[in-house]
Amino acid sequence: MLARLLAPPLCWGCGGPVGRDEPLCLDCRRTLRHLAPEPVDLAGIATWAPVAYEGAARELVRGLKFRGAMALADPMAALIVANAPEEFLPRAGGDRAEAEASATSRGPLDARPPALVPVPLHPARRRRRGFNQAEVLAQALARRTGIAVADRLTRRGPAGTQVGRPRPERLAAPPGRIRAAVPIRARAILVDDVATTGSTLAACARALRAAGAGEVRAVTFARTLGR
């Protein structure tokens, strides 16, 4: 309690004071640019995000990804769930462990439960960072929706980054090679923090389809405008 009084919580957007467990102050929340409820097509993948990747939303992503503020994943997930179309991000019921096990079942596609599949982080980057922000966000979404997390994808090869790469290079291929570690028979919902060109999502979708997924879509917390 003394530590909280000496160092009160601050807004990730502007650095001003905020209420307990609030990542953004009221003024910064009002600056969030909410996107349309309809998904967009990114590199052939139906993708949905609640807010634009700018301003306070960008600071939340940076806080989670680069400063290890994993508690931000829950309010980010809350914004996704509160605004996502029900048909795009369904709210599952029942036992999550059973749902995860059924992700490898061979039933009819429309009878299979959806599964949240985090976009993989290169092992070298994960060792440096200590976690995969997409996985943390997927777990937060799972707690709010009841949809199982199926961490099926791996990334190998060069540990490059998309940051700073020209758009044609981003579209050509994401850094590294993405593969599905085990078969997945579920309807896959890819999860990542930010969507830009969609090249990484497309590479993940190819790997999932090769592993048996018949339907792949993506949800992210934010999306770069103009994509």
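Residues numbered from 1 in each chain as written. Predicted model: local features only at pLDDT ≥ 70, side-chain atom pairs only at ≥ 80, totals over all residues. Heavy atoms only, no water.

Engineer: Could you clarify how one ought to interpret the overall build of the protein chain in this entry?
Structural biologist: When you go through the protein chain residue by residue, the secondary structure sums to 9 helices and 9 strands. Classification of the 227 residues of the protein chain by burial places 48% in the buried group. Long-range pairs, those at least 24 residues apart, make up 73% of the contacts in the protein chain with a sequence separation of at least 6. For the protein chain, the exposed surface amounts to about 11000 Å²; the carbon and sulfur share of it is 53%. (Helix = DSSP H or I, 4+ residues; strand = E, 2+ residues; numbered from the N terminus. Buried < 20%, exposed > 50% of the residue type's maximum accessible area, 1.4 Å probe, protein only. Contact = heavy atoms within 4.5 Å. Areas by Shrake-Rupley, 256 points an atom, 1.4 Å probe, with all protein chains shown as cover.)

Engineer: Just to check I follow, could you spell out the state of the cysteines for this structure?
Structural biologist: Covalently bonding the sulfur atom of one cysteine to the sulfur atom of another cysteine gives a disulfide. Within the structure shown, the criterion is met by 0 disulfides. Considering cysteine sulfurs only, Cys28 is the nearest to Cys25, which forms no disulfide, with 3.7 Å between them. The class for Cys25 is buried, based on a relative accessible area of 13%. (Disulfide = S-S within 2.5 Å.)

Engineer: For this particular structure, what's the right way to read the pairing of strand β6 (residues 153–156)?
Structural biologist: Taken residue by residue, a regular strand's side chains alternate between the two faces of the sheet. What you see with β6 is a clean split: Leu153 and Arg155 sit on the buried side and Thr154 and Arg156 on the side with no burial. Bridge count between β6 and strand β7 (residues 177–180): 4 bridges; the pairing is antiparallel. Opposite Arg156, over in β7, you have Arg177 as the bridge partner. (Pairing = 2+ DSSP bridges.)

Engineer: Please clarify how the nonpolar core should be interpreted in this entry.
Structural biologist: When a protein is soluble and globular, its nonpolar side chains tend to lie buried together. Formed by 40 residues in total, the largest nonpolar core has its most connected members in Met76, Leu89, Leu116, Leu141 and Phe221. Those elements giving two or more residues to this core turn out to be α3 (55–67), α4 (73–83), α7 (133–145), β8 (187–195) and β9 (216–223). Residues Ala115, Val119, Ile178 and Ala218 belong to the second largest nonpolar core, which totals 25 residues. (Core = buried A, V, L, I, M, F, W, Y, C linked by side-chain atoms within 4.5 Å.)

Engineer: Before we go on, may I ask you to explain the packing of aromatic side chains in this structure?
Structural biologist: Centre distance and the angle of the planes are the two values used to describe a pair of aromatic rings. Taken as a whole, this structure holds 0 aromatic pairs when the rule is applied. In this structure, Arg58 is placed above the aromatic ring of Tyr53, and the distance from its NZ or CZ to the ring centre is 5.1 Å. Positioned above the aromatic ring of Phe88 is the side chain of Arg217, whose terminal nitrogen or guanidinium carbon lies 4.8 Å from the ring centre. (Phe/Tyr/Trp six-rings, centres within 6.5 Å; stacked < 30°, edge-to-face > 60°. Lys NZ or Arg CZ within 6 Å of the ring centre and 35° of its normal.)

Engineer: Is there a simple way to think about the pattern of salt bridges in this case?
Structural biologist: Proximity of charged atoms lets side chains of opposite charge pair with each other. Scanning the entire structure with this criterion turns up 8 salt bridges. Ionic pairing is found between Arg30 and Asp27, a salt bridge with its closest N-O pair at 3.9 Å. Of the two residues, Arg30 and Asp27 both sit in helix α2 (residues 26–31), 3 residues apart, roughly one turn of that helix. Overall, the relative accessible area of 61% leaves Arg30 in the exposed class. The exposed category is assigned to Asp27, whose relative accessible area is 53%. Notably, a salt bridge pairs Arg144 with Asp74, separated by 3.0 Å at the nearest N-O pair. Of this pair, Arg144 sits in helix α7 while Asp74 sits in helix α4, and the two are 70 residues apart along the sequence. Since its relative accessible area comes to 31%, Asp74 is described here as partly exposed. (Salt bridge = Lys/Arg side-chain N within 4 Å of Asp/Glu carboxyl O.)

Engineer: Would you mind going over the packing of α4 against α7 with me for this structure?
Structural biologist: The N-to-C vectors of α4 and α7 enclose an angle of 55°; their axes lie 8 Å apart at closest approach. With respect to each other, α4 and α7 are oriented oblique. The two elements α4 and α7 meet at a crossing, and its hand is right-handed. Facing Ala73, Asp74, Met76, Ala77, Ala78, Ile80 and Val81 of α4, the residues of α7 in contact are Val136, Leu137, Ala140, Leu141, Arg144 and Thr145. Among the residues forming the contact of α4 with α7, the class breakdown is 10 nonpolar, 1 polar and 2 charged. (Axes fitted to C-alpha atoms, helices over the stretch in contact; angles between N-to-C directions. Parallel < 35°, antiparallel > 145°, perpendicular 65-115°, else oblique. Left-handed = near helix turned anticlockwise from the far one by under 90°. Nonpolar A, V, L, I, M, F, W, Y, C, P; charged D, E, K, R; others polar.)

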